[in-house]
Number of protein chains: 2
Amino acid sequence: MDSPGTRKVGRPRDPLVEERLLRVTQELIAEIGLDSLTMNRVAERAGASKATLFRRWDDKRSLVRDAVAAFDVDTTIPNTGALRTDLEALIRTWVSPIGYPPAEFRHVIAAISRDPDIWRAFDAATHAERTRSLTVIVKRAVSRGEAEPLRYDAAFVTRAVHSLAVEHAAQRELPLDEAFVARAIESIVEPILGVGRDPEADARDVAAGIPLHVRR
Amino acid sequence: MDSPGTRKVGRPRDPLVEERLLRVTQELIAEIGLDSLTMNRVAERAGASKATLFRRWDDKRSLVRDAVAAFDVDTTIPNTGALRTDLEALIRTWVSPIGYPPAEFRHVIAAISRDPDIWRAFDAATHAERTRSLTVIVKRAVSRGEAEPLRYDAAFVTRAVHSLAVEHAAQRELPLDEAFVARAIESIVEPILGVGRDPEADARDVAAGIPLHVRR
């Protein structure tokens, strides 16, 4: 992805070398975090010279931004036969998008969320594709009769889950584990899709004095 | 709020001086952001000596954490007679919690979200009270017949709106304006509460080939 103003122009490029450098940068972000990452370590691990690296990127920040923009988003749309398990599979890839365990990806999200330029590159690389996957999954659930046809703001629901993951990982330093995935689905995504709603049971509890502002 | 380990002990304290220093710190965070804030500027604006300030706090970080923990949460629960306007009033106070215009509070949220310790102090000061307000508002809407009785995860819905505000302000550097408040309500809070749902209209659009993954 070209980044005018920081990517140097007018020099011959080898796309394979460039891809390797970005890949190594992605690995190191996940392994050691953004703070400990240096141009030196990237060059060393990639078996390239620092000159090769600096020929392409002026500084660590522009390198990281391009590495994050080049994250491979998993474009496989889960198809498990049920909405709940589709959502679980999908949101699992969201909190661990480059195949790393969520425990490690926590540090990646924390690191990239600290720099708005880097965050926007990540958002641009992931958001539209994720919204599209969610849309397909819900459409299938509607056609199976698992969910009523319904309007919802797929892009903003996707963003809400992203934002929760960032707050969870970066601000509260909690693991992006299965419990997080389950709560995001049960408390945000399913209710928005109207799944699992039972106003009659709720009305009975209200009549019995049981409060409803609790987890379902 | 005591902060063991950073708040110095064993010295006489004047709560009024302390409160004034925290208040001035809060003002400066909102006005100039956390990066430009210095112990010097706080002392100067408060008309106190640096010695007075350092007697209470070892460094800027512990001062800021205590100032954020002491944010006055608006405990007035809106009561406008309708769910939508109650939610608008409530979420407006969430994105501008210390009475500053949302345009300025954007910088506050961005600043405090960069340090997990400071974020947790802010979260502890605000989250429970906000969840309680949301609960009261929804309960009133149910009793007015505006919403069906329903179970929902009030704490996580509150957190989702907080997280969206952080991502919006800190990561994407967008203003926390009325458009943000409206979209958070229409796309997240109202659908979770089952408000504005119309499966029959949706079904007609499905029959007519109109996609539903759009804003309501």
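Residues numbered from 1 in each chain as written. Chains lettered and ligands numbered in written order. Predicted model: local features only at pLDDT ≥ 70, side-chain atom pairs only at ≥ 80, totals over all residues. Heavy atoms only, no water.

Draft legend 1. Quick look at the overall build of chain A. Counting its regular elements, chain A contains 10 helices and 0 strands. Listing the helices and strands of chain A from first to last along the sequence gives α-α-α-α-α-α-α-α-α-α. Per-residue burial for chain A yields a buried fraction of 52% across its 216 residues. Excluding contacts between residues fewer than 6 apart, the proportion of contacts in chain A whose partners are at least 24 apart in sequence is 69%. Just so you have it, chain A exposes about 9500 Å², and 53% of that area is on carbon and sulfur atoms. (Helix = DSSP H or I, 4+ residues; strand = E, 2+ residues; numbered from the N terminus. Buried < 20%, exposed > 50% of the residue type's maximum accessible area, 1.4 Å probe, protein only. Contact = heavy atoms within 4.5 Å. Areas by Shrake-Rupley, 256 points an atom, 1.4 Å probe, with all protein chains shown as cover.)

Draft legend 2. Region of the structure containing the pattern of salt bridges. Residue and element names in this part refer to chain A. Scanning the entire structure with this criterion turns up 46 salt bridges over all chains. Across the pair Glu-190 and Arg-84 runs a salt bridge, and its minimum N-O distance is 3.7 Å. Of this pair, Glu-190 sits in helix α9 (residues 178-192) while Arg-84 sits in helix α5 (residues 83-94), and the two are 106 residues apart along the sequence. Taken together, the shared-partner salt bridges connect Arg-84, Glu-88, Arg-92, Glu-178, Glu-186 and Glu-190 into one network. (Salt bridge = Lys/Arg side-chain N within 4 Å of Asp/Glu carboxyl O.)

Draft legend 3. Main features of the relation of the copies chain B and chain A. Mapping chain B onto chain A is achieved by rotating through 180° and translating by 0.0 Å along the same axis, at an RMSD of 0.0 Å. Seen this way, the second copy is the image of the first under a two-fold rotation axis. Counting the interface residues of chain B, we find that 100% of their copies in chain A are interface residues as well, pointing to one common contact surface. (Least-squares fit on C-alpha atoms with pLDDT ≥ 70 in both.)

Draft legend 4. Inspection of the packing of aromatic side chains at higher detail. Residue and element names in this part refer to chain A. Tallied over the full model, the rule gives 4 aromatic pairs over all chains. Aromatic pair Phe-71 and Phe-122: ring centres 5.7 Å apart, planes at 85°, arrangement edge-to-face. Here Phe-122 lies in helix α7 (residues 116-143) and Phe-71 lies in the loop between α4 (60-69) and α5, a separation of 51 residues in the sequence. With respect to class, Phe-71 is no different from Phe-122; both count as buried. (Phe/Tyr/Trp six-rings, centres within 6.5 Å; stacked < 30°, edge-to-face > 60°.)

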